[in-house]
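Observations on the model geometry
So the chains spell out like this:
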Amino acid sequence: MPWITVCPLDELPRGSVRRFDHGGRTWAVYRTATDELFCTDGLCTHEAVHLADGLLVDYEIECPKHAGVFDIRTGEALRLPPCVDLETWPVRLHDGRIEIEID
Amino acid sequence: MTRYVIVGAGEAGIRAAASLRAAGEREIVVLSAEPIAPYERPPLSKPPDPDRGLLRPIGVDLSGVELRLGCSARAIDRRARTVELATGERIPYDRLLLATGAKQRRLACPGGDRALLLRSSDDARAIHARAEPGARAVIVGAGLIGLELAATLRVRGLEVCVVELAARALGRAVPAELAERLVERHRAEGVLFLFGARLEAVEAGAVRLADGTRLPADLVVAAIGVEPATELAEAADLACANGILVDSSLRTSDPAIFAAGDCAAVDHPRYGRVRFESWRMAGEQGRLAGRTMRGEAGELTALPWFWSDQWDLSLQVVGRCDPQRQAVLRALGSPGLVRFELDPTGGLAAAAALGPAGPVGRAIRLVERLIERGAVVPPSTLADPEADLRPFLRAP
């Protein structure tokens, strides 16, 4: 399971989320206001809208399209309409860069 | 085991069934007048997704639910607690949910029946079947459905004219400054608009207006709003007034009968008596009915929210907009715009946003949370496109 570089830490401000594409797949990488890092699947499980366009509040990402909400720590779908959880992925800070471990 | 019967398999009925099932209920019958599996209605007025088409099943696990398709309910016998089907069969219930939805209004003018309506997937298919490139379409009504359909038909290469009795588009639920920008976007794509236009008649191949204008039309669609489907409830002497009257827990005047979705006029704790007509409210009410029918406590606290997609613009509204309220505008990219509406104490009451999907979604999602928390944000901050409003979620 390789660790892949997403971006330097300072390119992802606190309280923000960015899209990361690799090998034909896409993820959402989060840096919370409290400076924790998380990574989930990129697309909402409801209508395939990218969550990097969503609203990040604390540990919740809200899909911009139909207001589905997920917990970025667990991927759990918290509010209608999505019923399927997101997958979450390991993230680390390495030499000032954000990396995710993907298979 | 309590036996639940749900009349209607739209968003409200299906979410109620799923909610009951998730709570462990095992006797759940859903009656659908339509012969096909439950599907999402929002895509019907929008350009068909090239990958998925018009018909998208509602993505809910209904295993264990008895879904009876093509079953029209004809009457309710409240004393015997049965629902009578068009076939004469009687279905017993302990708790009944009416999720009968709404019906499109027909045009009252001569020839009004010539106009197509858009409510079901069959309706959508009938419209698309006649939507030949180069054909001339007249859409009566500049509401959300009318405008979405205008974009959909224009994309397919039709000449589209929208005829509206009122002086502007989207007069019921969308602030004027946003509606105007959206209409401008349509005009830039070649859609024609006639406002203040009264229909005289729908003729073969044309629509005639009261001022004598004759609009050639190969396809006429009436999108002039809906009426709640209350016939069953009224025939059963349930209290109705522009919808089946329910309390904030969705109970009708009969304690064994509940109503949810477009057919229900709900006593909302925040707004008073309202009949909502939106996808999210239908789903929220369905889920709530699933709980309150089981005897759990619960009130409809969800804020009304809806979206529309037209051309490259997204429109989203949360809360109930009111042109009389104090409002603050914020630019949202170009040509995006957010209108924040404040209540008399300065708290956020509603907002509407138009622009690119991502920023619009983020703005409205945030406002919804701010309204729920009763947040007060200074107008100068609301107006500042650079100001992050998230810190106000934590303020007391």
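What counts, and at which threshold
Residues numbered from 1 in each chain as written. Chains lettered and ligands numbered in written order. Predicted model: local features only at pLDDT ≥ 70, side-chain atom pairs only at ≥ 80, totals over all residues. Heavy atoms only, no water. Helix = DSSP H or I, 4+ residues; strand = E, 2+ residues; numbered from the N terminus. Rg over C-alpha atoms; globule rule 2.2 N^0.38 Å. Buried < 20%, exposed > 50% of the residue type's maximum accessible area, 1.4 Å probe, protein only. Contact = heavy atoms within 4.5 Å. Areas by Shrake-Rupley, 256 points an atom, 1.4 Å probe, with all protein chains shown as cover. Lys, Arg positive; Asp, Glu negative; His and termini not counted. Charge placed at Lys NZ, Arg CZ, Asp CG, Glu CD. Domains from an automatic or database assignment. Buried area = accessible area lost by both parts, 1.4 Å probe. Salt bridge = Lys/Arg side-chain N within 4 Å of Asp/Glu carboxyl O. Polar contact = N/O pair within 3.5 Å; in protein donor to acceptor, adjacent residues only side chain to side chain. Pairing = 2+ DSSP bridges. Axes fitted to C-alpha atoms, helices over the stretch in contact; angles between N-to-C directions. Expected span 1.5 Å × (residues − 1).

Each helix and strand counted, chain B has eight helices and 25 strands in total. Against the globule reference of 21 Å for 396 residues, chain B gives a C-alpha radius of gyration of 22 Å, in line with a compact fold. Among the 396 residues that make up chain B, the fraction classed as buried is 54%. Contacts in chain B between residues at least 24 apart in sequence constitute 60% of all its contacts with a sequence separation of at least 6. Put simply, chain B shows about 16500 Å² of open surface, and 50% of that area lies on carbon and sulfur atoms. If the 51 positive side-chain charges of chain B are averaged to one point and the 50 negative ones to another, these points end up 2 Å apart.

With that settled, the discussion passes to the overall build of chain A. From N to C terminus, chain A includes zero helices and 11 strands. Starting at the N terminus and ending at the C terminus, chain A contains elements arranged as β-β-β-β-β-β-β-β-β-β-β. Here chain A has a C-alpha radius of gyration of 13 Å; the compact-globule value for 103 residues is 13 Å, and the two agree. C-alpha extents for chain A along the principal axes are approximately 40 × 30 × 20 Å. Burial analysis of chain A (103 residues in total) assigns 53% to the buried set. Put simply, of all contacts in chain A between residues at least 6 apart along the chain, 39% involve residues at least 24 apart. Accessible surface for chain A amounts to roughly 4600 Å². Of this, 47% is attributable to carbon and sulfur atoms. Mean positive and mean negative side-chain charge positions of chain A (10 and 19 charges, respectively) differ by 4 Å.

This part takes up the domain arrangement of chain B. Residues and elements named next belong to chain B. Structurally, chain B comprises domain 1 (3-103 + 226-292), domain 2 (112-222) and domain 3 (312-393). Centre-to-centre separation of domain 2 and domain 3, based on C-alpha positions: 30 Å. Summed over both sides, the interface of domain 2 with domain 3 buries roughly 970 Å², with 73% coming from carbon and sulfur. Among the residues domain 2 hides against domain 3, the three largest losses belong to Glu 177, Leu 178 and Arg 181. Together they make up 51% of the total. At the junction of domain 2 with domain 3, the criterion picks out two salt bridges. Across the salt bridge formed by Arg 185 and Asp 312, the nearest N and O atoms sit 2.8 Å from each other. Here domain 2 is connected to domain 3 by two residue pairs in polar contact (both at pLDDT 80 or more).

So, about the sheet that holds strand E22 (residues 313-318) of chain B. Residues and elements named next belong to chain B. Spatially, E21-E22-E25-E24-E23 is the arrangement adopted by the five strands of the open sheet, whose pairing is antiparallel. Strands with a single pairing partner mark the edges of an open sheet, and in this sheet they are strand E21 (305-310) and strand E23 (326-332). Adjacent strand axes in the sheet meet at a mean angle of 10 degrees when their direction is disregarded. Looking at chain direction, E22 and strand E25 (residues 348-355) are connected through five bridges and run antiparallel. If you follow Gln 316 over to E25, its bridge partner there is Ala 353. Across the sheet, helix H3 (residues 144-155) is in contact with E21 and E22; its angle to E21 comes to roughly 25 degrees.

We now examine helix H6 (residues 279-292) of chain B. All names here are of chain B. For H6, which comprises 14 residues, the first-to-last C-alpha distance of 20 Å matches the rise-based estimate of 20 Å (1.5 Å per residue) to within 8%. Most of H6 sits out of view: 12 of its 14 residues are buried. Trp 279, Arg 280, Met 281, Ala 282, Gly 283, Glu 284, Gln 285, Gly 286, Leu 288, Ala 289, Gly 290 and Thr 292 are the residues of H6 that are buried.

What follows covers the pairing of strand E24 (residues 336-342) of chain B. Residue and element names in this part refer to chain B. Among the seven residues of E24, seven are classified as buried, and the element is accordingly described as predominantly covered. Alignment of E23 against E24, held across seven bridges, turns out to be antiparallel. Note on E24: the bridge partner recorded for Leu 329 is Arg 339. Here E23 folds back onto E24, and the loop between the two strands holds three residues, one of which, Gly 333, carries a positive phi near 65 degrees. Examined bridge by bridge, E24 and E25 share six bridges and lie antiparallel to one another. Across the sheet, the residue bridging to Val 338 is Ala 353, located in E25.

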